[in-house]
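Structural description and commentary
Here is what each chain is made of, one letter per residue.
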Amino acid sequence: MKHVPPKHNRTAPRSWMSLFWANRGAFSVIAALVSVVVTLISIFAYQSAAQFERIGVVAEAQVIARRVDRSGDDDDYYITFRFDADQQTVTRESEVSRSYHRRVAPGETVDIRYLPHDPHEFETYVGEKRDNAVMAQVMAGVAGLVSLVALWFLGGKVNKAVLTRRLGYRAVAKVSRVVETKNSGRPSGNGYMQWRTADGVTGESLTHKIGKLRAIGVGAEINVYVRKGYSVWEGDVGPQHEVESNLPKVPRT
């Protein structure tokens, strides 16, 4: 079996977890954390909604002013409300949705709901807190689903790579292409390479620094592992585990 000098510095098989992180496994972990955080937010939002529904007082409020804050990446919309609560007049600005901002105009009267012990805490419309809680719950579910899908996809990809290294045969492939990825239309400094073996099996590496891949170069011969028409670069997965034995080595076919 032909073998060329390795164009990488890996001397041991790469662990499953290391390959998982190299395949951007952090994405699934981040999505799971987002799901947990948003779930907690939805729990507190439901508790707040229950409080408003239990003791909240509905009142008429006058829309005093509207404004749009364009200082950030996205526009933020605000409305100033004025209403009477417990022998006091409350005037307060509150952030609202874009649609709500467009729907009401200064001088109009709308129904709000406030807490009797703290009138400055109010819903800009009756049921706002529950709507927010439902939205947070939906977002938590979506994030959780994304995390599971990413874990299934990336985990399957890593399993396939590890099995190819363990059970596949070593072959020599020729680098056919080196591609630099882009970030917002600009070169990212990272990239990947593609190859083809003598019997036509193709493959693609993980992401590496583009300088490292260009140093290998198009046309260079590299060591890969092949199994069931799928191939991985030895520089990504590491070499096969060598079992110490007194028996002569027999190349895999």
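Refer to the preceding data block for the structure.
What this report covers is the structure whose coordinates are included nearby. Just so it is clear, the model here is predicted, and its values are computed rather than measured. (Residues numbered from 1 in each chain as written. Predicted model: local features only at pLDDT ≥ 70, side-chain atom pairs only at ≥ 80, totals over all residues. Heavy atoms only, no water.)

Some details on the sheet that holds strand β3 (residues 88-96)
The strand order β3-β2-β1-β4-β5 describes an open sheet built from five strands, whose pairing is antiparallel. The open sheet terminates on both sides in strands that have one partner only, identified here as β3 and β5 (118-123). The mean angle between the axes of side-by-side strands here comes to 45°, regardless of whether they run parallel or antiparallel. Both strand β1 (residues 57-69) and strand β4 (residues 109-115) contribute to a ladder of six bridges, which runs antiparallel. Bridge pairing links V58 to R113 in β4. (Pairing = 2+ DSSP bridges. Helix = DSSP H or I, 4+ residues; strand = E, 2+ residues; numbered from the N terminus. Axes fitted to C-alpha atoms, helices over the stretch in contact; angles between N-to-C directions.)

A short note on a nonpolar patch on the surface
A cluster of nonpolar side chains, namely W16, M17, W21, V29 and L33, defines an oily patch on the protein surface of about 480 Å² accessible area. Within the residue set of the nonpolar patch, elements represented by two or more residues are α1 (16-22) and α2 (26-55). Looking at where V29 falls in the secondary structure, it is placed in helix α2. (Patch = residues over 30% accessible without salt bridge, like charges linked within 9 Å, V, L, I, M, F, W, Y side chains within 5 Å. Areas by Shrake-Rupley, 256 points an atom, 1.4 Å probe, with all protein chains shown as cover. Salt bridge = Lys/Arg side-chain N within 4 Å of Asp/Glu carboxyl O.)

Structural notes on unusual backbone geometry
Phi is positive for S184, close to 55°, though the residue is something other than glycine. The topology assignment puts S184 in the loop between β6 (169-183) and β7 (186-197). Judged by relative accessible area, which is 74%, S184 ranks as exposed. The phi dihedral of K228 is positive, around 55°, even though this residue is not glycine. (Buried < 20%, exposed > 50% of the residue type's maximum accessible area, 1.4 Å probe, protein only.)

Section: α2
A rise of 1.5 Å per residue sets the reference length of α2, with its 30 residues, at 44 Å; its end C-alpha atoms lie 44 Å apart and thus fit the reference within 8%. All of the buried residues in α2 are S28, A31, S35, V38, S42, A45, A49 and F52. On the buried face of α2, the contacting elements are α1, β4, β5 and α4 (128-167). (Expected span 1.5 Å × (residues − 1). Contact = heavy atoms within 4.5 Å.)

Considerations on the packing of α2 against α4
As a packed pair, α2 and α4 sit with axes 7 Å apart at the nearest point and diverge in direction by 165°. Of the possible angle classes, the one that applies to α2 and α4 is roughly antiparallel. Crossing hand, α2 versus α4: left-handed. In terms of residue class, the contact of α2 with α4 is made up of 18 nonpolar, eight polar and three charged. (Parallel < 35°, antiparallel > 145°, perpendicular 65-115°, else oblique. Left-handed = near helix turned anticlockwise from the far one by under 90°. Nonpolar A, V, L, I, M, F, W, Y, C, P; charged D, E, K, R; others polar.)

Thoughts on the side chain of S35
Mapped onto the elements of the fold, S35 is located in helix α2. Residue classification places S35 among the buried positions, given a relative accessible area of 13%. Apart from residues no more than four positions distant in its own chain, S35 is found in contact with A140, A143 and G144.

Side note on the nonpolar core
One finds I79, F81, F83, Y100, V110, I112 and Y114 to be the most contacted residues of the largest nonpolar core, which totals 16 residues. With five residues, the single largest contributor to this core is strand β2 (residues 76-85). Of all hydrophobic cores here, the second largest spans 13 residues; its members include V175, W195, L213 and I222. (Core = buried A, V, L, I, M, F, W, Y, C linked by side-chain atoms within 4.5 Å.)

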